[in-house]
There are 2 protein chains.
Amino acid sequence: MALIVQKYGGTSVGDTDRILNVAKRIKGFVDNGDKVVVVVSARSGVTNELIARAKKINAFPEEREMDMLLAVGEQETIALTAMALHSLGVKAVSRTGAQAGIFTDMDYTRAHLVKITGGDIPERLAEGNVVIVAGFQGVNDAGNVTTLGRGGSDLSAIALAAILKADVCQIYTDVDGIYTADPRVVKKARKIPEMCYEELLEMASLGSKVMQARSVEFAQKYGVVFEVRSSFNNESGTIVKEEVASLEDVVISGVAVDKNQTKVTVRNIPDRPGACAEIFSVLGEAGIGVDMIVQNTSQAGKARLTFTVSKDDAPKAEKLLKDECAKLGGAEVCLTGDIAKVSVVGTGMRTHSGVAGKFFRALADSDINVDLITTSEIKISVGIDLEKADLAANVLHSAFGLDS
Amino acid sequence: MALIVQKYGGTSVGDTDRILNVAKRIKGFVDNGDKVVVVVSARSGVTNELIARAKKINAFPEEREMDMLLAVGEQETIALTAMALHSLGVKAVSRTGAQAGIFTDMDYTRAHLVKITGGDIPERLAEGNVVIVAGFQGVNDAGNVTTLGRGGSDLSAIALAAILKADVCQIYTDVDGIYTADPRVVKKARKIPEMCYEELLEMASLGSKVMQARSVEFAQKYGVVFEVRSSFNNESGTIVKEEVASLEDVVISGVAVDKNQTKVTVRNIPDRPGACAEIFSVLGEAGIGVDMIVQNTSQAGKARLTFTVSKDDAPKAEKLLKDECAKLGGAEVCLTGDIAKVSVVGTGMRTHSGVAGKFFRALADSDINVDLITTSEIKISVGIDLEKADLAANVLHSAFGLDS
């Protein structure tokens, strides 16, 4: 008898058969006497279809309308999941983000949680219902639907687990857990049975597709222990918590690949204090994160700035930067193509030397040219050609002894 | 400068190109200085897709969850339509049924309007916005989304036109107006330039696909003059209002075909007072309308009842009737197949004789067998074989001089 929050991602609820399978899994817990809150994503593909439809109509859709549009995906899934549970004789009721008391700020398409009340979830659970909540979405003070951005459904689940004081939080996805690398890219990737928030945070922020950083940060802040596991089998997954004893012995825990980066170059910037700050401020105010910044002075009195933004933000960034360049007299912006960021992460890097040497040697041996470099205490990241991303991940995985 | 409420049906917003066309049409009115409130349906096919997906999961989906599911269709369209207007430089904002203050009772999937406030529509219009409202949906006291049933978007538009005191209410659809018959069935059907509510009500209640009865009744009650017209051209359509001078001269105004009927037979009913009442009460309480009732006594002490229900209601009706038959000891229910109801309507029938003779002669001449008959002051309806429906509509259209 536990209170369990479960989150099922888009592939887990990808079609009607899968939704029925999810319902059967939930029924197993209900039959066991557990109380279950389920957070679901949109069926896989639906969100992308909606975005594509919007972009056909308007290349720069207004963000409030985008959220009105995207919220549709999860609303469909909660209703279908409730119907599936009913078909198995399980009491269930669906709740939108707003109905589940997920309150956010006004920052459409990437809203931040302001307050989580859970709405009437405790009452509905007490009546014997499974409560199905639409992930990824909330509501703001103006009564408008908002979405939480990428990985928002994980955040919904972890936030609900925190507020409801759930005993267990399970993040069901299409992989068996957190791997030393994306198993779709690196065949020899292995499942990590336990890891700490910090480790996963580095993996997440580097583009590992399993969990977004903000969800992990939220879990860390509120001490929500969660398990990432597959909805397609019954194997245990990866448990993520504050401290993991065995971590000390591992130099590199994993390799992360992010293929969703666009390289941006701003040329002919007046080489005066504050010019770069203005450029980054404009992006920061629009909520666009920048990464892998390289600055160099090309001609007398002119600077050149290169950095990456996420591919999704690229059109917006270009528009903002063009306006900003006009103000900076003579500066020019150009998007010089999509690139991949490949990284190795490991808390062991703090105490082991030689990691950088091994890293660059492995890439060089495979003729992989490095375009941008950025490092921290526990990671090394490089920006490379998109086509070389998978190769790089594999050679690094081998070089650091992560192959099984 | 007028306040115009426009409603665009599913085919008018069927894909992104059509949504952009609708936006261009709206822009024309905005450029003319009009204030425009737009009510949209789900893209054609979407509602049926959602229903099919639900039925794959659960043959009898709970109605609250059904509405949670179906509301998705219109929510998608309002966002896309707002985006399309933005792409043309027109200020626009979307509103769900709840946000537009469309309050209903708790009767899911066929909710009734309880109160319409319009929400903040007047303020948004005053700011120069086009306001795009999700048709077909509302919200009940429990804060749950409800849907208004078939033709609900028309009702949303007419109700908003009434509360906002709109100067004009335009119902855009995929036909040019109200025809003497469905032009997809009867090639020689002609557009009727003006007709009165009562006339259209008979057409609507008989299954003409253009408008549902409740929308017309609502318009009549609140004196909302509306025009049914095409979103694919600029021709004027059919204006519907209280009185139309020329109507007196016309014997038959139109032929209606309803192919959405299932014939139900209940056999071996104890021939005692109240037995039939109990059967119809059970259906009435579930909100299932019955039509074309025929009763006859087959064997000693046993009655047989035949009637039609809408095809959508048939599975539910069968379930309810089976339970009821069990109570009525020995009665049996069987659904004896889908049939078509073909009708002629005309206020002129009140003053002209010979209509019935001409009606049945026309059917007999074409070898069309009549299964059920029902009549009123201004209409004659017959239940016939589904395959013969189009033929019947055509021969009746010719017989009553409606061909152009």
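Parameters and conventions
Residues numbered from 1 in each chain as written. Chains lettered and ligands numbered in written order. Predicted model: local features only at pLDDT ≥ 70, side-chain atom pairs only at ≥ 80, totals over all residues. Heavy atoms only, no water. Contact = heavy atoms within 4.5 Å. Salt bridge = Lys/Arg side-chain N within 4 Å of Asp/Glu carboxyl O. Polar contact = N/O pair within 3.5 Å; in protein donor to acceptor, adjacent residues only side chain to side chain. Helix = DSSP H or I, 4+ residues; strand = E, 2+ residues; numbered from the N terminus. Nonpolar A, V, L, I, M, F, W, Y, C, P; charged D, E, K, R; others polar. Pairing = 2+ DSSP bridges. Axes fitted to C-alpha atoms, helices over the stretch in contact; angles between N-to-C directions. Phe/Tyr/Trp six-rings, centres within 6.5 Å; stacked < 30°, edge-to-face > 60°. Buried < 20%, exposed > 50% of the residue type's maximum accessible area, 1.4 Å probe, protein only. Lys NZ or Arg CZ within 6 Å of the ring centre and 35° of its normal. Parallel < 35°, antiparallel > 145°, perpendicular 65-115°, else oblique. Left-handed = near helix turned anticlockwise from the far one by under 90°.

The next point concerns the interface of chain B and chain A. Contacts between the two partners involve 38 residues from chain B, matched on the other side by 38 residues from chain A. When the shortest N-O distance is used, the salt bridge between E76 of chain B and R53 of chain A registers 2.8 Å. For the pair chain B and chain A, the interface holds 16 residue pairs in polar contact (both at pLDDT 80 or more). Put simply, the parts of the chain that give the side of chain B that touches chain A at least two residues each are α1 (16-31), α2 (46-57), α3 (63-87) and β3 (92-95) of chain B. Per element, the largest residue contribution to the side of chain B that touches chain A is 17 residues, and it comes from α3 of chain B. Looking at side-chain class alone, the side of chain B that touches chain A contains 20 nonpolar, 10 polar and 8 charged residues.

On to the sheet that holds strand β2 (residues 35-40) of chain A, then. Residues and elements named next belong to chain A. In spatial order, the strands read β3-β6-β2-β1-β9-β11-β12-β10; together these 8 strands make up an open sheet with mixed pairing. A single partner strand is all that each edge strand has here, and the edge strands are β3 (92-95) and β10 (194-196). For this sheet, the mean inter-axis angle between neighbouring strands, taken without regard to orientation, is 20 degrees. Bridge count between β3 and strand β6 (residues 130-134): 4 bridges; the pairing is parallel. In the strand pairing of β6, S94 is matched with I132. Helix α3 (residues 63-87) contacts β2, β3 and β6 of the sheet and is inclined by roughly 165 degrees relative to β6.

For any pair of aromatic rings, the description rests on two quantities: the centre-to-centre distance and the angle between the ring planes. If you walk through the whole model with that rule in mind, you get 10 aromatic pairs over all chains. With centroids separated by 5.0 Å and ring planes inclined at 70 degrees, the aromatic side chains of F359 of chain A and F360 of chain A adopt a geometry described as edge-to-face. Relative accessible area serves as the criterion here: at 29%, F360 of chain A is assigned to the partly exposed category. With 5.3 Å between their ring centres and 65 degrees between their planes, F280 of chain B and F307 of chain B make a pair best called edge-to-face. Of this pair, F280 of chain B sits in helix α8 (residues 275-285) while F307 of chain B sits in strand β15 (residues 302-310); the two residues are 27 residues apart in sequence, bridging distant segments of the chain. Relative accessible area serves as the criterion here: at 0%, F307 of chain B is assigned to the buried category. Between the NZ or CZ atom of K115 of chain B and the centre of the ring of F103 of chain B, over which it lies, the distance is 5.0 Å. Sitting over the ring of F60 of chain B, K319 of chain B keeps its end group 5.1 Å from the ring centre.

For the rest of this paragraph, the subject is the packing of α2 of chain B against α3 of chain B. Residues and elements named next belong to chain B. Direction vectors running N to C along α2 and α3 enclose 150 degrees, while the axes themselves pass 9 Å from each other. Judged on the interaxial angle alone, α3 and α2 are roughly antiparallel. For the element pair α2 and α3, the recorded crossing hand is right-handed. Between α2 and α3, the contacting residues are V46, T47, L50, I51 and A54 on the first element and M66, L69, L70, V72 and G73 on the second. Its residues assigned to classes, the contact of α2 with α3 shows 8 nonpolar, 2 polar and no charged.

Residue and element names in this part refer to chain B. In contact at an axis separation of 8 Å, helix α5 (residues 152-163) and helix α7 (residues 213-222) are set at 10 degrees when each is read in the N-to-C sense. If you check the angle between α5 and α7, you find them roughly parallel. Side by side, α5 and α7 meet where D154, L155, I158, A159 and A162 of the first sit next to R214, S215, F218, A219 and Y222 of the second. A breakdown of the residues in the contact of α5 with α7 according to their chemical character gives 7 nonpolar, 1 polar and 2 charged.

Looking now at the pairing of strand β11 (residues 226-230) of chain B. Residues and elements named next belong to chain B. Among the 5 residues that make up β11, 5 are buried, leaving the element largely enclosed by the rest of the structure. Burial of the side chains of β11 extends over both faces: F226, V228 and S230 are buried on one face and E227 and R229 on the other. Pairing between β11 and strand β12 (residues 238-241): 3 bridges, direction antiparallel. By the bridge assignment for β12, E227 is matched with I239.

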